[in-house]
Amino acid sequence: MLAWTIYISFLAALLLLLLPKNNAAAARLLALLAAIAGFAVALTAFIHHRTGELLTIARIPWIPSLGIEYHLAADGISLCLVLLTGIVAIAGILFSWNIQHRTKEFFAFYLLLIGSVYGVFLSYDLFLLFVFYEIVIIPKYFLIAIWGSTRKEYGAMKLALYSFVGSAMVLVGLIAAYVASGLHTMSLTGLAQAHFSQHFQLMAFPLVFVGFAILAGLWPFHTWAPTGHVAAPTVASMLLAGVVMKLGAYGCLRIAMTLFPLGLSPWGFHILGFGSWRDVFAILAIIGIVYGASVALVQKDFKFVIGYSSVSHMGFILLGLMTLNQIGLSGAIIQMVSHGILAGLLFATVGRMVYDRTHTRDLKTLGPMNLNKAIPFAAITFVIAGMASMGLPGFSGFVAELMILIGAWRTFPILALCVGLGILIGIVYVWRAMQKAFFAEPTHTSTVAHHEANGHHASEALPPITLPERLGAILLIATSVTIGIYPQILLKLIVPAFNSPLFDGIRRGSWQ
Amino acid sequence: MTYTHLLRLALPEVIIVITSVIVLGVDLFILRGSTIKARFTAASLIATLGCAAAIFDLVYAPQQAILLNGVFLSTPLINTVQIILLALSILTLLLSSESTFTDHVGEFVTLILFATIGMMFLVATQDLLILFLSLELLSLSLYILTAFNKHSPRSSEAALKYFLFGAMSAAFLLFGFSLFYGLANSTSFTQIAAAIQASPLNPLVIIAIVTTLVGFGFKVAAVPFHFWAPDVYQAAPIPAATLIASSSKVASFFIFFEFMAIALNGTSGAASWHPFASGLHFAAGWTPVLALIAAASMILGNLVAIRQTSVRRLLAYSAIAHAGYMLLAIVAHTPQSLSALVYYVTTYALTTIGAFAIVGVVEQQTSSDDLSSFNGLSRRAPILSACLFVFMLSLAGIPPLAGFFGKFFLFVAVVSTPGLVWLVILAIAGSAVSLFYYLQVLKRAYVTNPDDDTPFRTPPFTQLIIVLLAASVILFGCVPNLLIH
């Protein structure tokens, strides 16, 4: 049943291509229906999921000569992320209601992307997972290159090449694992019990982990993220930050850490204070958190602020993975969901609500436009999203970051303090952007008065926030608040999933 | 063993020979006065029927035989490869059925058939003499086909370049073969293998191996013997370029593999790299040489392709890179890598035929194969550009298209041979680079706005074939089992 999330998206993408030309309204409607259907399927499975169960959806031989199967399954972790994809997909279509240029193709690429993302989250055969993972790259490229803005072709190509290089590293690792295991299988559960030698795992782990982490925005391989986000049309940024970066983090957990748990074990010697890959990646994650936040602090372009904040928040996920304890890992998953929702909301506010109306993202120019009066809904949305992303209690971000911090405190106490610094900077950059873009104080010099007159004029001309935008924003905010108030709704799926035999290797490593 | 028996064994080849005579005759005596287009259609249809009959014979009455120490073989594997070759020739013929570039229609189609016969004998032998003869039959046909567009001086120039390089490489090949013959007193692969086993690497054998590698390297356009490829790909008439890029690759790679794996198995040496144990470890033999050739082809092909503005030249350099990947299978020379190679080269050939067919249509409409001619193709010819999308991404190795599975099988087969991981890493890095230039083409088609908006007038039949090719690329991708036996 859950497999229909994939099929519906692909089928709708095909149908869209067959629609008659210039029928934008029908294309939008069809896309929205497909997204809602996908979400409904995901939600049904989410509700009916029995705790700790591994739900096998389909398992048929695909390429028997290599032992490759078409194996779709879902545990609690996959389900949470599938649900996230469903929500972001609906919100994305609501926020792209105003796409006029080549609408049909836009939504076809969009649904192709969504379908493949579902595919990645549901695959239990590594080969199948990789197939879906690579399909994602192509619609991503075209969404940005055709419908994007600032330096779109550069941003799109950079993103495509970074992703492809990452997946090339993953492919090397997968082939090596396949051959080294000698089990003649690509099944996740099969290879997870292959007991690779420690030597092999120490080499394969960083390769596959970095391969996936490139897409998760691991510092210093994050540079595609800000340029890509800024070049992308609003919806593509939402998807990129909302679900595509999660694919990377998911791959890190599902493949790199599950297959090669010994890759995290100590090397037996120390270089510059690093004793294992775990130390290395934890430090990189923390650098990402602090660096992303600091750079976001000085940006002039509104969208770059959000772009770098994504890098910072993704750092939390990677740090959570490296804690290797239950609370940290669960926090990482919740942060994936939470950041997916919040980044989507932030990008939607900046890209759709503000930029599409004012045609500028320069914080200096936006200030005098008096946006909190002109489009109050956008201002309110941004305040809420900003608070949530700072980690205010009551929102999903708080739960996630708190859990990750506790997890990190148990393993890396000193480093956890640095994370605190990152959170502090996070509060500052959100305040700064909020204040500059929406609540700039009116000044009294003549030049600025002139500006203000212009701004006032412009603000009168700003079209009001449309219904689809309101619906989309409400959907995302509601989700974030739900998780924030009642995190158990996700935790009761995630925690049992981490107790499954699949994660034996990690548990044996350092579960206390 | 009687002659009728022999003819029965070689019935598919005989059918093609007869077909070529019929094509010549019909074109000469019956269709003299018709338009060029009608003549092309008729000739390629007859030729297609002939190839189809040969396929029919191979499928329904397969023969098993090994004649005269491997002068002529007929095994299930060889029959499969021959069927693939014939199918590729049919596709080439069908796509050329609407050409108008020459009025020597009968000769053109006949030469395509001759090349096909050469390829069929080429893959069905394990004997130096027949190998050389059929390779020359193939090559000579291809030289003439390249020069066939007499209105274009560049076509003649490319053909001359192709011929000079080819003749030289044939000389190298023959020289190497004569040394092998001197060593083994026989032209059979197995006898040579036995002789080499008895007296391993002496200078004579080394010279023979090197000259043979030069000869084969030229045929498959591997670096540093690739100089002819870009010019030929760019200037040859589309059907000729298609044939060179597709079925001729299949046949050459197959026999290259057979020769290396059977005749020279005893001197393979090693090209393994153990990063922590002993570093790059080359044991004397031909695999290290071939490994370096493959590495050079992958690197140079992919890097130079980035700079190309002519799509045909871009395909040529991509072909050089792909030749590098395929050489890995020969470096590994295991049974597993042979089947991976056959899968890879077949799907690659299908993809290339499709890509060239699209280039052909674009050239017809805009009279140039420059990247800028592809501007806005998605709005001028949506179906065509959708197919281009499939072909380019398959060449780049994006799943779930056939090109990805080809690469995957190949890499798995090569990694299974100990010590060759470094080549696979290089190959995967190369294919990451290659996405850049394939996307350049697609960017033109989908992102850039067209210079003028007039829709293409694509011949419906050509379009049908292209769509079928794209469908087969997707199909072999989603259900790769169809081709793996």
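Residues numbered from 1 in each chain as written. Chains lettered and ligands numbered in written order. Predicted model: local features only at pLDDT ≥ 70, side-chain atom pairs only at ≥ 80, totals over all residues.

1. With respect to the overall build of chain B
For step 1, the next point in the chain: Within chain B, the secondary structure is distributed over 20 helices and four strands.
For step 2, the next point in the chain: A compact globule built from 485 residues should have a C-alpha radius of gyration of about 23 Å, and chain B, at 22 Å, falls within 12% of that.
For step 3, the next point in the chain: Taken over the C-alpha atoms alone, chain B extends approximately 70 × 60 × 40 Å along its principal axes.
For step 4, the next point in the chain: Burial status across chain B gives 59% buried among its 485 residues.
For step 5, the next point in the chain: By sequence separation, contacts in chain B at least 24 residues apart represent 78% of the contacts at least 6 residues apart. (Helix = DSSP H or I, 4+ residues; strand = E, 2+ residues; numbered from the N terminus. Rg over C-alpha atoms; globule rule 2.2 N^0.38 Å. Buried ≥ 20, exposed ≤ 12 C-beta atoms within 10 Å, placed from the backbone. Contact = placed C-beta atoms within 7 Å.)

2. Topic: the overall build of chain A
For step 1, the next point in the chain: On a plain count of helices and strands, chain A comes out with 22 helices and two strands.
For step 2, the next point in the chain: For 512 residues, the compact-globule formula gives about 24 Å, and the C-alpha radius of gyration of chain A, at 22 Å, lands near that figure.
For step 3, the next point in the chain: Its C-alpha atoms give chain A principal-axis dimensions of about 75 × 55 × 40 Å.
For step 4, the next point in the chain: Within chain A, residue pairs in contact and separated by at least 24 positions form 81% of the contacts whose partners lie at least 6 positions apart.

3. Things to note about the packing of helix H4 (residues 76–95) of chain B against helix H15 (residues 335–366) of chain B
Residue and element names in this part refer to chain B.
For step 1, the next point in the chain: Packing of H4 against H15 brings their axes to within 11 Å, and their N-to-C directions diverge by 0°. Here H4 lies roughly parallel to H15, going by the angle between them. Across the interface between the two elements, Val81, Ile84, Leu88, Leu91, Thr92 and Leu95 from H4 touch Val342, Thr346, Ala349, Ile353 and Ala357 from H15.
For step 2, the next point in the chain: Classifying every residue of the contact of H4 with H15 by side-chain character gives nine nonpolar, two polar and no charged. (Axes fitted to C-alpha atoms, helices over the stretch in contact; angles between N-to-C directions. Parallel < 35°, antiparallel > 145°, perpendicular 65-115°, else oblique. Nonpolar A, V, L, I, M, F, W, Y, C, P; charged D, E, K, R; others polar.)

4. Considerations on the pairing of strand E1 (residues 55–63) of chain A
When a strand is regular, its side chains alternate between the sheet's two faces.
For step 1, the next point in the chain: One ladder, built from seven bridges, connects E1 of chain A with strand E2 (residues 68–74) of chain A; its direction is antiparallel. Each residue of the ladder has a partner; that of isoleucine 63 of chain A, found in E2 of chain A, is isoleucine 68 of chain A. (Pairing = 2+ DSSP bridges.)

5. Comments concerning unusual backbone geometry
All names here are of chain B.
For step 1, the next point in the chain: Following valine 223, the chain continues to proline 224 via a peptide bond in cis, the omega torsion being 5°.
For step 2, the next point in the chain: Note on placement: proline 224 falls in the loop between helix H9 (203–219) and helix H10 (228–235).
For step 3, the next point in the chain: Cis geometry marks the peptide bond from proline 399 to proline 400, where omega comes out at 0°.
For step 4, the next point in the chain: Locating proline 400 in the fold gives a position in the loop between helix H17 (382–396) and helix H18 (402–416).
For step 5, the next point in the chain: The backbone of asparagine 185 sits at a positive phi, close to 60°, despite the residue not being glycine.

6. Describing the nonpolar core
For step 1, the next point in the chain: Judged by nonpolar contacts, the single largest core of 403 residues is most densely connected at Leu318 of chain A together with Leu328 and Val424 of chain B.
For step 2, the next point in the chain: The leading source of residues in this core is helix H5 (residues 126–147) of chain A, at 19 residues.
For step 3, the next point in the chain: If sequence neighbours within four positions are ignored, leucine 328 of chain B has contacts with Ala294, Leu410, Val414, Leu423 and Ala427 of chain B. (Core = buried A, V, L, I, M, F, W, Y, C linked by C-beta atoms within 7 Å.)

7. A look at the interface of chain B and chain A
For step 1, the next point in the chain: Between chain B and chain A, the residue contacts involve 24 residues of the former and 24 residues of the latter.
For step 2, the next point in the chain: At the level of elements, H18 and helix H19 (421–446) of chain B are the ones that each hand at least two residues to the side of chain B that touches chain A.
For step 3, the next point in the chain: With twelve residues, the top contributor of residues to the side of chain B that touches chain A is H19 of chain B.
For step 4, the next point in the chain: Here the side of chain B that touches chain A is built from residues that sort into 20 nonpolar, three polar and one charged.

8. Section: the environment of leucine 135 of chain B
Residue and element names in this part refer to chain B.
For step 1, the next point in the chain: Its place among the elements puts leucine 135 in helix H6 (residues 128–146).
For step 2, the next point in the chain: You can call leucine 135 buried: it has 25 C-beta atoms within 10 Å.
For step 3, the next point in the chain: Along the chain, leucine 135 and alanine 115 lie 20 residues apart, while their C-alpha atoms are 9.1 Å from each other.

9. Section: H10 of chain B
For step 1, the next point in the chain: Most of H10 of chain B sits out of view: eight of its eight residues are buried.
For step 2, the next point in the chain: Turning to H10 of chain B, the residues buried within the fold contact H6, helix H7 (153–184), helix H11 (238–245) and helix H14 (311–332) of chain B.

10. Considering the confidence of the model for chain A
Residue and element names in this part refer to chain A.
For step 1, the next point in the chain: Averaged over every residue, the pLDDT of chain A is 86; residues scoring 70 or more account for 95%.
For step 2, the next point in the chain: Ignoring residues within four places in sequence, the model shows residues 444–453, a span with pLDDT below 50, making six contacts including any to other chains.
For step 3, the next point in the chain: This model gives residues 455–459 a pLDDT under 50, and the stretch forms ten contacts once residues within four places in sequence are excluded. (pLDDT = per-residue confidence, 0-100.)

11. What about helix H2 (residues 11–30) of chain B?
Residues and elements named next belong to chain B.
For step 1, the next point in the chain: Over its 20 residues, H2 extends 27 Å from the first C-alpha to the last, a length consistent with the 28 Å expected when each residue adds 1.5 Å.
For step 2, the next point in the chain: All of the buried residues in H2 are Pro12, Glu13, Ile15, Ile16, Thr19, Ser20, Val23 and Asp27. Seen along its axis, H2 keeps its buried residues to an arc of 155°; they face one direction. More than 90 degrees from the buried face of H2, the exposed residues found are Val21, Gly25, Leu28, Phe29 and Ile30. (Expected span 1.5 Å × (residues − 1). Arc of directions from axis to C-beta.)

12. Here's the deal with the environment of isoleucine 137 of chain A
Residues and elements named next belong to chain A.
For step 1, the next point in the chain: When you line up the elements, isoleucine 137 lands in helix H5.
For step 2, the next point in the chain: Each C-alpha atom of the pair isoleucine 137 and isoleucine 286 lies 27 Å from the other, and the pair is 149 residues apart in sequence.
For step 3, the next point in the chain: In contact with isoleucine 137, not counting residues within four places along its chain, are Ala160, Ser163 and Phe164.

13. Some remarks on the pairing of E2 of chain A
For step 1, the next point in the chain: Here E2 of chain A lies mainly inside the structure; six of its seven residues are buried.
For step 2, the next point in the chain: From the end of E1 of chain A to the start of E2 of chain A, which pair antiparallel, there are four residues, and glycine 67 of chain A there has a positive phi angle of about 70°.

14. Notes on the environment of valine 361 of chain B
All names here are of chain B.
For step 1, the next point in the chain: Residue position: valine 361 is located in helix H15.
For step 2, the next point in the chain: A tally of 24 C-beta atoms within 10 Å means that valine 361 is categorised as buried.
For step 3, the next point in the chain: Valine 361 has contacts with Leu384, Phe456, Thr458 and Thr462, leaving out every residue within four places of it along the chain.

15. Things to note about the packing of helix H2 (residues 24–48) of chain A against helix H4 (residues 103–122) of chain A
All names here are of chain A.
For step 1, the next point in the chain: With their axes 9 Å apart at the nearest point, H2 and H4 run at an angle of 10° to one another. In terms of orientation, H2 lies roughly parallel with respect to H4. From H2, Ala24, Ala27, Arg28, Ala31, Ala34 and Gly38 reach across to H4, where they touch Thr103, Lys104, Phe107, Tyr110, Leu111 and Tyr118.
For step 2, the next point in the chain: Grouping the constituent residues of the contact of H2 with H4 by class yields eight nonpolar, two polar and two charged.

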